[in-house]
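Per-entry structural report
Spelled out from the first residue to the last, the chains are:
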Amino acid sequence: MALLTLTSDIGLQDYLAGAIKGQLLSIHPEFKLVDISHSITPFNYSQAAYICRNSFWQFPPHTFHLVLVNLFERYPDHMLLAYHNEQYIACADNGLLSLICDSKPQQVVAISLEKKMAKTTLNCTRVLGETIKALLDGKPFHQLGRETDDIVTMNALQATYGEDWLEGQIIHIDHFENVVINITKEVFEKHRNGRKFRLVFKRDETIKKISETYADVQQNDKLVLFNSAGYLEIAINKGNAAGLFGLQVFKNETQAAFQQSRLFYQKVRIFFD
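Anyway, here's the lowdown on the structure attached to this text. (Residues numbered from 1 in each chain as written. Predicted model: local features only at pLDDT ≥ 70, side-chain atom pairs only at ≥ 80, totals over all residues. Heavy atoms only, no water.)

1. What about helix α4 (residues 121–136)?
For the record, the criterion: Counting from the N terminus, the helices are the DSSP runs of H or I reaching at least four residues and the strands are the DSSP runs of E reaching at least two. Take the residue count of a helix, subtract one, and multiply by 1.5 Å to get its expected span. Residue exposure (1.4 Å probe, protein chains only): buried if accessible area is under 20% of the type maximum, exposed if over 50%, otherwise partly exposed.
Compared with an ideal rise of 1.5 Å per residue, which puts 16 residues at 22 Å, α4 spans 23 Å between its outermost C-alpha atoms and is within 8% of the ideal. Those residues of α4 not exposed but buried are Thr121, Asn123, Cys124, Thr125, Val127, Leu128, Gly129, Thr131, Ile132 and Leu135. Of the residues one or two after α4, Gly138 is the one with positive phi, at around 110 degrees.

2. Here's the deal with the pattern of salt bridges
Pairing between side chains becomes possible if they bear opposite charge and their charged atoms approach one another. Note the threshold: The salt bridge definition used is simple: a Lys or Arg side-chain nitrogen within 4 Å of an Asp or Glu carboxyl oxygen.
Under the counting rule described, the total for this entry stands at nine salt bridges. With a shortest N-O distance of 3.4 Å, Glu130 and Arg126 are connected by a salt bridge. Residue Glu130 and its partner Arg126 are located together in helix α4, separated by four residues, close to a single helical turn. Judged by its relative accessible area of 38%, Glu130 falls in the partly exposed class. In this structure Arg126 comes out as partly exposed when scored by relative accessible area, which is 23%. Residues Asp137 and Lys133 are paired through a salt bridge, measuring 2.7 Å at the closest nitrogen-oxygen approach. Asp137 sits in the exposed class, given a relative accessible area of 54%. Overall, the relative accessible area of 22% leaves Lys133 in the partly exposed class.

3. Brief notes about the side chain of Thr148
Using the following cut-off: The contact definition used throughout considers only heavy atoms, calling two residues in contact when any of these lie within 4.5 Å.
Residue position: Thr148 is located in the loop between β7 (146–147) and β8 (160–161). Note on Thr148: relative accessible area 15%, which makes it buried. Apart from the residues lying within four places of it in its own chain, the contact partners of Thr148 are Val108, Val109 and Ala110.

4. Let's talk about unusual backbone geometry
Positive phi values are uncommon outside glycine, yet Asn85 reaches one of about 50 degrees. Assignment of secondary structure puts Asn85 in the loop between β4 (78–84) and β5 (87–92). Since its relative accessible area comes to 42%, Asn85 is described here as partly exposed. Even without being a glycine, Asn193 presents a positive backbone phi close to 50 degrees.

These figures capture arrangement, not role.
Written out as structure tokens, the structure reads:
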């Protein structure tokens, strides 16, 4: 039995997520399919990398992770299969692999797509599923495709800082509408250097204490803590932080054009005293 996880930006509103699962099980009935998320915001590489990076490494060694996010950033003539930190990651060559691995992947093969094949999500998934099946049947990794280290890379969305401030962007909003910032505990403590702090968002909302749990404050009170992945998170105890404060995942120009809306706040700033 082979574990295969699914992460995508296709949503659950139509047939596609189910069709992908059916197709994979037709290729290899012994696949054990595990959904990570099908609700990645379209074009949001930072959110996709956050979700993937903080879930993939919890799986047993040699799990396969199929990432179907923004497959058609450019015309696809190949897909990628990587082996990194004892995990297999299959995705488009769109830069996301470099964000998930947070470094150069240890091994990568480029899997060619047939020129006459319609470039659809299901066809790309079929090629990846058949490649994974071939590996399970004993075909050596380096023979699955063309070995390469020439892949599209992207730089992770980084917090900015000065002598007495640190600014982060919202990279994810979870099911409870808790707001995740791209500032890790390590980065926060490095810049804090033992000083007091004020976290400021939505012009005048301020938090001056790191909580350990949501129950550290009264119901409907705001708080900030480091979540299970070690990232800064703004929340309301039994409330909706994103909706109440008008907070939204940070958007680049492509994302902003895809989803226009009223003014939302996408950044937070921390001042050190």
